[in-house]
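Chains, contacts and geometry: an overview
Chain residues, written in single-letter form:
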Amino acid sequence: MKNTIFLILALLFTLTSCKEKKQTETELASETYLEEPHSYAQSNDAVTTHLDLDINVDFDTQVISGTATYEIFNNDSNQIILDSKFLEIESVTANGVATTFKLGEMDATLGQPLTIAIKEDTQKIAVTYKTTAKTEALQWLTAQQTADKTNPFLFTQGQAILTRTWIPIQDSPQIRITYDATVKVPQELMAVMSAENPKEKSANGVYNFKMGYPIPAYLIALAIGDIEYKAISDRTGVYAEKSMLNKVHEEFSDMEKMVVAAEDLYGDYDWEQFDVIVLPPSFPFGGMENPRLTFATPTVIAGDKSLTSLVAHELAHSWSGNLVTNATWNDFWLNEGFTVYFEIRIMEALYGKDRANMLALIVDRILKMN
Ligand SMILES: [Zn+2]
């Protein structure tokens, strides 16, 4: 993520929300996981390994509803705990049979633990739920708030602990899952995720996604709008609203060169595809490194490639952050510190030492300002 205000907020958040939580008794948890005060889901001996998400997105009511089905690693446990915040939980099954669940006390920062009863042989749980008006990760935009002004738009922002507000999930950066998703949207819109993505609209508004590499919950992302795709190379390209597409394509035309420069420094790009979606103007951050599909603000479309270090930054996260992740949000600096360094190295390789020095100076000023 690239945003200085976020860094201040992250620091405050870390200082104010690190409440002590009780370790459960499991050996596995204490050996495998570090204490993460920002999630209820750690310290279980039952851990999710794969998500199959099946949801419907209703723009009229601004509600996402559906079922999150998880494959779990179950070490003879009788419960599994997910994070949940501002979600309506309708029903839960374990191995396909209805089971009991309990939503714990609401914490203003963390939300509620969703404790689900399972048996020793439970390998699959399914939670049927819907989002509410308070859901923090979803940004619903009216047509007027978009660039083209003809259709609404929706995007998610999961980092740091907001994915739990649109999917009941083990929302800790050290718990990684693969995912598949089926997403139903209005026919005139296209859906894209941090996954293998469509390049054209589907005829019926149904989209299927696959993320085959295990990722932490905060990197699950969804954007829906009247968008189009334009390739830059066979593994890079851009999504944007129609009126923005050519400008965005021109601005980011060095993206393949950036990936090559990054590979020369850090080794192969493992996520296969690197695309950028430029969101409507209200996107609150500069960029978000959702794997395979960076989310970017249109404010970087300057017309002269002068602000493309944002793309270098989000690309750098493909290694530092997305492959190697801070285990707890108390160590967020690990994600961002290495990434800023790597961003500057990529810009140096592409545009020379002078530009890299200028970026380093700006970063240094921002750091001291904060
Ligand atoms: Zn970042």
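Since the model is a prediction, treat every value here as computed from it, not as a measurement. (Residues numbered from 1 in each chain as written. Predicted model: local features only at pLDDT ≥ 70, side-chain atom pairs only at ≥ 80, totals over all residues. Heavy atoms only, no water.)

Applying the stated criterion across every chain, the model contains 1 cavity of 30 Å³ or more. Put simply, the largest cavity is a space of about 40 Å³. In this structure, the largest cavity is lined by Tyr269, Phe274, Glu289, Asn290, Pro291, Arg292, Leu293, Thr294, Glu314, Ser318 and Asn322. Of the residues assigned to the lining of the largest cavity, the class counts are 4 nonpolar, 4 polar and 3 charged. (1 Å grid on protein atoms, 1.4 Å probe; cavity = no way out; pocket = protein on both sides within 12 Å on 5 of 7 lines; lining within 4 Å. Points joined across faces, edges and corners; volume = space filled by probe spheres on them. Nonpolar A, V, L, I, M, F, W, Y, C, P; charged D, E, K, R; others polar.)

Attention now goes to the coordination of the zinc ion. Within the protein, Met1 (N), Met1 (O), His313 (NE2), His317 (NE2), Glu336 (OE) and Glu336 (OE) serve as the donor atoms for the zinc ion, at 2.0 to 2.8 Å. Mapping the donors of the zinc ion onto the primary sequence yields the spacing M-x311-H-x3-H-x18-E. With methionine 1 in the segment before helix H1 (4-17) and histidine 317 in the loop between helix H5 (309-316) and helix H6 (332-351), this pair connects stretches of sequence that are 316 residues apart. Each member of the pair, methionine 1 as well as histidine 317, carries the same accessibility label: buried. (Donors = N, O, S within 2.8 Å, 3.2 Å for Na, K, Ca; no water. Helix = DSSP H or I, 4+ residues; strand = E, 2+ residues; numbered from the N terminus. Buried < 20%, exposed > 50% of the residue type's maximum accessible area, 1.4 Å probe, protein only.)

This brings us to the packing of aromatic side chains. Scanning the model with the defined rule gives 10 aromatic pairs in all. The rings of Tyr266, Tyr269, Phe274, Trp319 and Phe342 are connected pair by pair, giving a single aromatic cluster. The side chain of arginine 355 reaches across the aromatic face of tyrosine 351, ending 4.6 Å from its centre. (Phe/Tyr/Trp six-rings, centres within 6.5 Å; stacked < 30°, edge-to-face > 60°. Lys NZ or Arg CZ within 6 Å of the ring centre and 35° of its normal.)

With that settled, consider helix H7 (residues 353-369). Look at H7: 24 Å from first C-alpha to last across 17 residues, which is about the 24 Å you get at 1.5 Å a residue. When we look at burial in H7, the residues that qualify are Arg355, Ala356 and Leu359. The buried residues of H7 occupy one face: seen down the axis, they fall within an arc of 100 degrees. Exposed residues pointing more than 90 degrees away from the buried face of H7 are listed as Asp354, Arg365, Lys368 and Met369. In this structure, the buried residues of H7 make contact with H5 and H6. (Expected span 1.5 Å × (residues − 1). Arc of directions from axis to C-beta. Contact = heavy atoms within 4.5 Å.)

Our focus in this paragraph is the sheet that holds strand S14 (residues 222-225). Spatially, S9-S10-S14-S12 is the arrangement adopted by the 4 strands of the open sheet, whose pairing is antiparallel. Of all the strands in the sheet, just strand S9 (138-141) and strand S12 (190-193) have a single pairing partner and so form its edges. Averaged over all pairs of adjacent strands, the angle between strand axes in this sheet comes to 10 degrees, irrespective of strand direction. One ladder, built from 4 bridges, connects S12 with S14; its direction is antiparallel. Each residue of the ladder has a partner; that of valine 192, found in S14, is alanine 223. (Pairing = 2+ DSSP bridges. Axes fitted to C-alpha atoms, helices over the stretch in contact; angles between N-to-C directions.)

Turning next to unusual backbone geometry. Here glutamine 159 and alanine 160 are connected by a cis peptide whose omega angle stands at 5 degrees. The backbone of asparagine 95 sits at a positive phi, close to 50 degrees, despite the residue not being glycine. For asparagine 95, the position within the fold is in the loop between strand S4 (87-94) and strand S5 (97-98).

Glancing now at a nonpolar patch on the surface. A cluster of nonpolar side chains, namely Leu265, Tyr266, Trp333, Phe338 and Tyr341, defines an oily patch on the protein surface of about 560 Å² accessible area. Secondary structure elements with two or more residues in the nonpolar patch: helix H4 (255-266) and H6. Among the elements that take part in the nonpolar patch, H6 stands out by supplying 3 residues, more than any other. Examined against the element boundaries, tyrosine 341 turns out to sit in helix H6. (Patch = residues over 30% accessible without salt bridge, like charges linked within 9 Å, V, L, I, M, F, W, Y side chains within 5 Å. Areas by Shrake-Rupley, 256 points an atom, 1.4 Å probe, with all protein chains shown as cover. Salt bridge = Lys/Arg side-chain N within 4 Å of Asp/Glu carboxyl O.)

Next up on the list: the domain arrangement of the protein chain. Taken domain by domain, the protein chain consists of domain 1 (46-225) and domain 2 (230-369). In this assembly, 34 residues from domain 1 lie in contact with 34 residues from domain 2. Where domain 1 abuts domain 2, roughly 2700 Å² becomes buried across the two surfaces, and 63% of that area is made up of carbon and sulfur atoms. It is Gln159, Pro173 and Tyr213 in domain 1 that bury the most area against domain 2; as a group they hold 18% of the surface buried on that side. Counting across the domain 1 and domain 2 interface gives 13 residue pairs in polar contact (both at pLDDT 80 or more). Looking at the side of domain 1 that touches domain 2, the elements that each hand over two or more residues are strand S10 (153-156), S12, strand S13 (206-216) and S14. (Domains from an automatic or database assignment. Buried area = accessible area lost by both parts, 1.4 Å probe. Polar contact = N/O pair within 3.5 Å; in protein donor to acceptor, adjacent residues only side chain to side chain.)

What follows is about the pairing of strand S1 (residues 46-58). Bridging between S1 and strand S2 (residues 63-74) involves 12 bridges; their strand directions are antiparallel. Looking across to S2, one finds that threonine 48 is bridged to isoleucine 72. Counted between consecutive antiparallel strands, the loop separating S1 from S2 contains 4 residues, among which glutamine 62 sits at a positive phi close to 55 degrees. Of the pairings in the sheet, the one linking S1 to strand S11 (residues 176-184) comprises 7 bridges and is parallel in character. Paired with histidine 50 across the strands is threonine 178, a residue of S11.

The next subject is the side chain of threonine 48. By secondary structure assignment, the location of threonine 48 is in strand S1. Here threonine 48 falls in the buried class, since its relative accessible area comes to 2%. When residues no more than four places from it in sequence are discounted, the contact partners of threonine 48 are Tyr70, Glu71, Ile72, Ile80, Leu82, Gln170, Ile175, Arg176 and Ile177.

Let's shift gears to the side chain of serine 194. Tracing the chain through its elements places serine 194 in the loop between S12 and S13. Among the polar contacts made by the side chain of serine 194, one reaches the main-chain amide nitrogen of alanine 221 at a distance of 3.1 Å.

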